[in-house]
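Now for the letters of each chain:
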Amino acid sequence: MSNSKFTIEINGKEYNAVEGQRILEVARAEEVFVPGVCYHPDLGTIQTCDTCYVMVDGQLTRSCTMKVAPGMKIDTVSDQVKKAQYEAMSRILKNHELYCTVCDNNNGNCTIHNTVEDMGLAHQKYPFEAKPYPPDNSHPFYRYEPDQCILCGRCVEACQDLQVNETLTIDWSREVPRVIWDNDVPIDQSSCVSCGHCVNVCPCNALMEKSMLGNAGFLTGIAPNILAPMIDMTKEVEPGYREIFAVSEVEAAMRKARIKRTKTVCTYCGVGCSFEVWTKDREILKIQTKTEAPVNGISTCVKGKFGWDYVNSEERLTKPLIRKGEEFVEATWDEALSLIAENLSKIKEEHGPDAIGYIASSKCSNEENFLFQKFARGIMGTNNVDNCSRYCQSPATTGLMRTVGLGGDSGTMEDIMASDLVIVVGANPAESHPVLATRIKRAHKLHGQKLVVVDLRENELAERADLFLHPKPGTDIIMLNAIAKYFLDQGWEDASFLQERVNGLEEYKSSLKKFSLEYAVEKTGLTMEQLLRLVKMIKEAKSVSILWAMGVTQHMGASDTSTAISNLLLVTGNYGRTGTGAYPLRGHNNVQGACDFGTLPPWMPGYEPVNDETVRAKYKAAWGVDLPENPGYDNHHMVEAISKGKMKALYLFGEDMAIVDANSNYVHSTFEKLDFFVVQDMFFSKTAQFADVVLPAAPSLEKDGTFTNTERRIQRFYKVFEPLGDSKPDWLIFQELANRLGADWNYQHPSEIMDEAAKLANLFAGVSYQRLEEWESLVWPVKADGTDTPLLYTEKFAFPDGKARLVPVDWTIPFDPGADFDLHLNNGRILEHFHEGNMTNKTEGIVHKVPDVWLEISPELAAERSLEDGALVGLTSPYGHVEVRVIVTDRVKGHELYLPMNTADDNEAVNRLTSSYHDIITHTPAYKEMGVKMVVLELSGVPPLPKHNHRYGNRIPQISVKVEEKWQRSDYTPISEIDDLKEGFYGESDQAN
Amino acid sequence: MAKAIRLISRQVRNETEERAQAAEEILKSLADNKDAVLSMIEMAKELHEMKVFETAGALLKQRNEVGVIAMQQVNQPAVHNVIKSGFGLFQFLGGLQPAQLETLLNGVTLGLKRMSQTGEQGKKQSLWKMRIRLRSPAIRAAMTTMVDFMEGMGEAFLRSREKRE
């Protein structure tokens, strides 16, 4: 599409427009009022509301469909136009009772209210008619009130084509149409994934968060038997809407005094959704999305939209705890910090600074991670500082740093959306990165994007994929290398790209000798036909993005497989252009940022090596201390060092290592060996049970800071509440402790910490809180002038000579516990709960949807062992034993099992079974390489997954809302054919072109 | 050597301590706002004597039932009419031009003054004399205005009839 600019005339005045824009878009950009209820910038044209009619060169036309053309003359104010708009709005108000003052949606942002008001409507042409359906209150988080529903179809559009869950439709065939879920079942029993898209886009109060109902307004809590006659009476006596709106506006303005709206960034996965959180005192009323949000717009998932109850949970730690004998005793901050300072000093003095390990949190902010590594290095004198990327993404970072130079996604969501071909290897974004997955699903459904999924499990993206490949566990690298070799053998590589921009081709070529397609067929179990089909798809695609996650990185050969992905992208020339690149999907909200800001043993902030003297000199000048020279221990080293008695103390924050580290039996026994253990958390976690001192920390809603998402995008979040009880923000705790250990820190606000980091780390030179106000964001590297870099490597790669490197990598045979352990154990997250669930299990509605953990077994295995849903089995690996109830599903095949990690119960947690084997380069545990044997404990029982879970729903895929069916109804008269407009001929204009 | 433990001994403050602290906070607030509190008590005494609290308390306790009754009473055609007439009157006043109204009211004031003088003096005038006075510009101006007024009113009546038909 060209972007040529020209002018158009609206009401006799000239306005600038760009080719491809629609009239309504130009009008809105120029602040010329044209009504429009169904149109939404994130959804586009829906054509159901008919309120946006304007006159274009003498013809009445929907301004949301008609594209602008040079010299076009548009009239938005004539009598004919007003009549058409009035007719359309009256049809809407026939479906929607205006009782704004007593409506919970009267918060200044109700599309219907504002449109009626802006149109200056005094009365409606047709009286309101209730629909013959009761409200649907079955879902735990939102309700549908048909009587208020104007059938604009925004919710359907959002569900079908933006979230692409395909649950909602409008049934235009019944006498009184309504929105239905699946095949018209109660919402709670449908395929609804509770993402909140439909509620987020509803232009009125038909779909509303239950947390708002009766709660948002001053008068909305009135009992229905008073409210109904009040509404009747108001309607009876009202002279016109203007006077009524005056009252409702006053009420809406009053609400602003008590409902606080604060921008925040989601604290679950690495996608980095941002939105407002609306609160009344400490009560969270709702999450309100904004089109301005750079990553997600109006999109959310169940956790980001509804999973915030943990903040006010009664289980929150509110006082420091000190171990005394067999119990923890509440203490003051002074006692706790003194005890920590005393013990850490003593251990440092007796055993040296490296006898203490520091484990940082990828749930906490960039500023907190920066300060923690400053504390470990600058105050305590050790590089023994690591974060939980060690459990997930370090191999991906290594693969990228080896080949292209920077350990982050090559582009942004824009690139993933723009890609011709998206290949997802060992990742389940539809559950683990839901909003990112929506963009892939949308591009695939609407814009012809091709999708390949390589996975053991047939997850949602796999179901939708053009090609789903199921290789044998741990053999992805063979497939990747074989394809790269085939491209080179056939002469299909991007030769000029390799010539100009890449080093190491010859050595790489010779390393591929054994990786013929035949070898790949033999080792991966894929067919030649499948491999050739994948080759063909890559060859035909103008741009390829490869996305991967734990299915790649939690293996013994993880760094090498990540490298192989990047190699393949280099061979095919898929870097540095829109729609191309490598996308390791970061799991936590701030995995990227924790690594970026220096909580890694070999790296100072911005990936500047600690063993580089000039780097250390820079920090010495700033901090006034000598920094330790040698890279420190990573998490895995630390556990080993504790086990060997070399490490005596550990300080850990925002991380439940006792559950998330592999081989937890071993980790637990190691913790028991520590002389001193400090755990800082919001909750009394499993890890905290081993601590000597537990410090109560504050979550993101109780502090300011920034997170960096998987795109490398830095975004600000703002404090909503004061910290609960005596809990404190992590950065403040570090500062208070550092000052007891001789520091003289005086940070008043996290922005000052960011200023310091930006001054020191080249990668963030131009980052400041001023540049990150509200919805602004920066994608690193950020130059001093504030220029950021959404797409990397457009001109050069991040090596001194600007060239990428092809790095030879070989297959590492996965860990095999032996023939006794005959079932392969896969594991991972699920949509509803985050990780082991310590945050999400505080939300009743989420627990209603997923109360328990379950084991997925294939229909073949179920038949073989005579198992059915609900049967209880015991799984035993060489390292431990768990007992879980099964669900039979064809998402898993043959002898492969899937055990989600949403449990903190010792007897169910998957890490009771995993080993201490790890990626040979980064020490990331090989969680995905385990075999187990199964014994049946109970042949039947209550299925662990309730039938009202979305996995049992029945999706109804369609494109948009099928407005044509509305137009074909016998009771539908096109606006241009109504009596008031009949005199002239204005033409039928449902289609713009 | 630290085994995992789950036992937390929380310093649960007993009821007496909590009450003591609450009482202390209340006393402090009272002392800080002595004058305001004393005048409030004075006012409360008067209100109590008038049984305001008793009445309001009963109303509040039964607010739902009372609300229903109130709405039943209020949601009646007569009340609708009062409110609608209220709106109508408001619109009528809003529609008037202040300058016109001023002229009109000046006229009415002066007219009333003359009228009262006539009333006080009680002197009747002959028809002839009155006929001669009809010629005066002042009377003619008033008559023309009255006819115009009637014409306007008639027009509104007719429009309203048309609308009904």
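Every chain begins its residue count from 1, and numbering advances along the sequence as written. For this description, chains carry letters from A and ligands carry numbers from 1, given in the order in which they are written. Under the rules for a predicted model, residues below a pLDDT of 70 receive no local features and side-chain atom pairs below 80 are neither given nor counted, while totals for whole chains, interfaces and linings still include all residues.

(A) Inspection of the overall build of chain B at higher detail. Only DSSP runs of H or I covering at least 4 residues are called helices, and only runs of E covering at least 2 are called strands; the numbering of each starts at the N terminus. Helix and strand counts for chain B come out as eight helices and one strand. We compute the radius of gyration over the C-alpha atoms and compare it with the globule rule, which gives 2.2 Å times the number of residues raised to the power 0.38. Here the C-alpha atoms of chain B give a radius of gyration of 36 Å, more than 25% beyond the 15 Å that 2.2 N^0.38 yields for 165 residues. Expressed as lengths along the three principal axes of its C-alpha atoms, the size of chain B is roughly 125 × 50 × 35 Å. Residues classed as buried in chain B amount to 0% of the 165 residues present. As a rule, residues whose C-beta atom has 12 or fewer other C-beta atoms within 10 Å are exposed, those with 20 or more are buried, and those in between are partly exposed; C-beta atoms are placed from the backbone.

(B) Seen up close, the overall build of chain A. Counting its regular elements, chain A contains 32 helices and 37 strands. For 993 residues, the compact-globule estimate of 2.2 N^0.38 gives 30 Å, and chain A sits close to it at 30 Å. Residue burial in chain A is summarised as follows: out of 993 residues, 57% are buried. Within chain A, contacts between residues at least 6 apart in sequence are counted, and of these 74% link residues at least 24 apart. The contact criterion used here is simple: two residues whose C-beta atoms, placed from the backbone, lie within 7 Å are in contact.

(C) Looking closely at the UniProt feature "domain: 4Fe-4S His(Cys)3-ligated-type" (unreviewed entry) in chain A. UniProt positions are given in the numbering used here, feature names are shortened, and annotations may be inferred rather than shown by experiment. Per the UniProt record, the feature "domain: 4Fe-4S His(Cys)3-ligated-type" (unreviewed entry) sits at residues 80-120 of chain A. Secondary structure content for residues 80-120 of chain A is 59% helix and 0% strand, and the end C-alpha separation is 16 Å.

(D) Expanded view of the sheet that holds strand β19 (residues 467-469) of chain A. Residue and element names in this part refer to chain A. The rule for pairing is simple: two strands pair if DSSP sees at least two bridges between them. Here we have five strands laid out as an open sheet, ordered β19-β18-β17-β21-β22, and parallel in their pairing. If you trace the sheet from one side to the other, it starts and ends with β19 and β22 (581-584), each paired once. Neighbour-to-neighbour, the strand axes of the sheet open up by a mean angle of 15°, direction not taken into account. Sheet topology places strand β21 (residues 544-548) next to β22; four bridges connect them, and they run parallel. Of the residues in β22, the one forming a bridge with serine 545 is glycine 581. Axis lines are fitted through C-alpha atoms, for helices just across the contact stretch, and the angle between N-to-C directions can take any value from 0 to 180 degrees.

(E) Here's a closer look at helix α20 (residues 528-540) of chain A. All names here are of chain A. Expected span of a helix, by definition, is 1.5 Å for each gap between consecutive residues, and there is one gap fewer than residues. With 13 residues, α20 should cover 18 Å at 1.5 Å per step; its first-to-last C-alpha distance of 18 Å lies within 8% of that length. Here α20 has its buried residues at Leu531, Leu534 and Ile538. The buried residues of α20 occupy an angular sector of 60° when the element is viewed end-on, so they sit on one face. The exposed set on the far side of α20, more than 90 degrees from its buried face, consists of Met528, Glu529, Lys536 and Glu540. In this structure, the buried residues of α20 make contact with β17 (421-425), β18 (450-454), β19, α16 (476-490), α19 (517-524) and β21. The arc in question is the one traced by the directions running from the helix axis out to the C-beta atoms.

(F) Structural detail: the sheet that holds strand β12 (residues 283-288) of chain A. Residue and element names in this part refer to chain A. Sheet architecture is open: three strands sit in the order β10-β11-β12, paired in antiparallel fashion. Pairing within the sheet leaves two strands with one partner each, and these edge strands are β10 (260-265) and β12. On average, adjacent strands in this sheet sit at an angle of 30° to one another, irrespective of strand direction. When strand β11 (residues 274-280) meets β12, the two strands line up antiparallel, connected through five bridges. Paired with lysine 280 across the bridge in β12 is glutamate 283.

(G) The domain arrangement of chain B, seen in detail. The domain boundaries here were taken from an automatic or database domain assignment. Under the domain assignment used here, chain B contains domain 1 (20-74) and domain 2 (126-165). One C-alpha centre belongs to domain 1 of chain B, the other to domain 2 of chain B; they are set 59 Å apart.

(H) A look at the UniProt feature "domain: 4Fe-4S Mo/W bis-MGD-type" (unreviewed entry) in chain A. Within the UniProt annotation, "domain: 4Fe-4S Mo/W bis-MGD-type" (unreviewed entry) is assigned to residues 259-315 of chain A. Its end C-alpha atoms 26 Å apart, residues 259-315 of chain A is made of 9% helix and 33% strand.

(I) Expanded view of the interface of chain B and chain A. Taken together, the contacts link 22 residues of chain B with 26 residues of chain A. Secondary-structure elements contributing two or more residues to the side of chain B that touches chain A are β1 (8-9), α4 (63-74) and α5 (77-95) of chain B. Here the residues of the side of chain B that touches chain A sort into eleven nonpolar, seven polar and four charged. Alignment of strand β14 (residues 327-330) of chain A against β1(B), held across two bridges, turns out to be parallel. Paired with Phe328(A) across the two strands is Ile8(B), which belongs to β1(B). The residue classification treats Ala, Val, Leu, Ile, Met, Phe, Trp, Tyr, Cys and Pro as nonpolar and Asp, Glu, Lys and Arg as charged. All others, Gly included, are polar.

(J) Geometry of the environment of Phe468(A). All names here are of chain A. The residue phenylalanine 468 is located in strand β19 in this model. Classification of phenylalanine 468 as partly exposed rests on a count of 19 C-beta atoms within 10 Å. On a C-alpha basis, the gap between phenylalanine 468 and isoleucine 423 in space is 9.9 Å, while along the polypeptide they are 45 residues apart. The contact partners of phenylalanine 468, leaving out residues within four places of it in the chain, are Val453, Glu458 and Ala462.

(K) Structural view of the UniProt feature "coiled-coil region" (unreviewed entry) in chain B. UniProt annotation of "coiled-coil region" (unreviewed entry) refers to residues 5-33 of chain B when read in the numbering used here. Across residues 5-33 of chain B one finds 62% helix and 7% strand; the C-alpha atoms that close the span lie 49 Å apart.

(L) Seen up close, the confidence of the model for chain B. Considering every residue of chain B, the mean pLDDT works out to 85; 98% of them sit at 70 or more. Quick note on the complex model: pTM equals 0.90, ipTM equals 0.77. Per-residue confidence from the predictor is reported as pLDDT, a score between 0 and 100.

(M) Highlighting the pairing of strand β26 (residues 676-681) of chain A. Residue and element names in this part refer to chain A. The buried fraction of β26 is high, at six of six residues. Taking every second residue as pointing to the same face, both faces of β26 are buried, with Phe676, Val678 and Gln680 on one and Phe677, Val679 and Asp681 on the other. Both strand β25 (residues 649-653) and β26 contribute to a ladder of five bridges, which runs parallel. For tyrosine 651, the partnering residue across the bridge sits in β26 and is valine 678. Strand direction decides the pairing type here: β26 and strand β27 (residues 693-696), joined by four bridges, are parallel. Following the sheet pairing, valine 678 is matched in β27 by valine 693.

(N) Spotlight on the nonpolar core. Residues and elements named next belong to chain A. Membership of the largest hydrophobic core comes to 293 residues, with the highest contact counts inside it found for Cys155, Ile546, Phe677 and Val694. Top element by residues in this core is α16. It accounts for eight residues. Setting aside anything within four residues of it in sequence, one finds valine 694 in contact with Leu317, Pro320, Leu321, Phe328, Val679, Phe684 and Ala688. One nonpolar core equals one set of buried Ala, Val, Leu, Ile, Met, Phe, Trp, Tyr and Cys residues connected by C-beta atoms within 7 Å.

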